[in-house]
Amino acid sequence: METELVDESVELKKRRGKNLPFFCTLSFISLGFGAIKFLLGLLGSKKTEEEMFYDKQDLLSTVPDNASQERIDILKDYFKSVEFANDNYYLLLFLKLAVLAIGFFAVLWMYKLKRAGYFMYLAYSALAIGIAVWKLFGSDSNTGAVGAVFTIFIAILFSIIYGAQLKRMR
């Protein structure tokens, strides 16, 4: 009985290779940071209009009187993004939780060499990209462009990397 478990464990390690555990570990770390961000979001709450007004005033008080129009436009753009995130605070928090859960189980299944984990990872990536693009275009702001591009790049990169590992999965 015990030797069967050891043999099975050794066989799984051989099938996993060296790359799959490494990339799964990177994904788990990323998901961990996402979970921390989610938990911090739970500690906060949607801001009132008054709180938003005072936050804007605080930020604007740091801008010199002779600020360029470009800097002012960047701040306006930033305010649009913050207002969108605040208006959709609870929806974004729920979507983050759903995406984190899907991502966790997808990576766990791939680590356990289940082929379905890869397809779940594709769904996870599509949802993450969809949320990033929705935030970008929904806020009518360019502030989230870098984050959206980064999300798309990482999702495609890891989908290709995990796709190359499909031969190891059943």
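Residues numbered from 1 in each chain as written. Predicted model: local features only at pLDDT ≥ 70, side-chain atom pairs only at ≥ 80, totals over all residues. Heavy atoms only, no water.

K.L.:
Can you help me understand the pattern of salt bridges in this one?
P.N.:
For side chains of opposite charge, pairing can occur when their charged atoms come near one another. Evaluated as defined, the whole model comprises three salt bridges. Linking K56 and E83 is a salt bridge whose minimum nitrogen-to-oxygen distance equals 2.2 Å. Linking K56 in helix α3 (residues 49-60) with E83 in helix α4 (residues 69-87), this pair joins segments that are 27 residues apart in sequence. By relative accessible area, which is 23% here, K56 ends up partly exposed. Look at E83 and you get partly exposed, because its relative accessible area is 30%. Residue K80 is joined to D140 by a salt bridge in which the shortest nitrogen-to-oxygen separation is 3.9 Å. In this pair, K80 is assigned in helix α4 and D140 in the loop between α6 (115-138) and α7 (145-164), connecting sequence segments 60 residues apart. (Salt bridge = Lys/Arg side-chain N within 4 Å of Asp/Glu carboxyl O. Helix = DSSP H or I, 4+ residues; strand = E, 2+ residues; numbered from the N terminus. Buried < 20%, exposed > 50% of the residue type's maximum accessible area, 1.4 Å probe, protein only.)

K.L.:
Looking at this structure, I do not really get the side chain of S125. What am I missing?
P.N.:
Counting through the fold element by element, S125 comes out in helix α6. Residue S125 is classed as buried on the basis of its relative accessible area, which comes to 4%. Beyond its immediate sequence surroundings of up to four residues, S125 is in contact with A155 and S159. (Contact = heavy atoms within 4.5 Å.)

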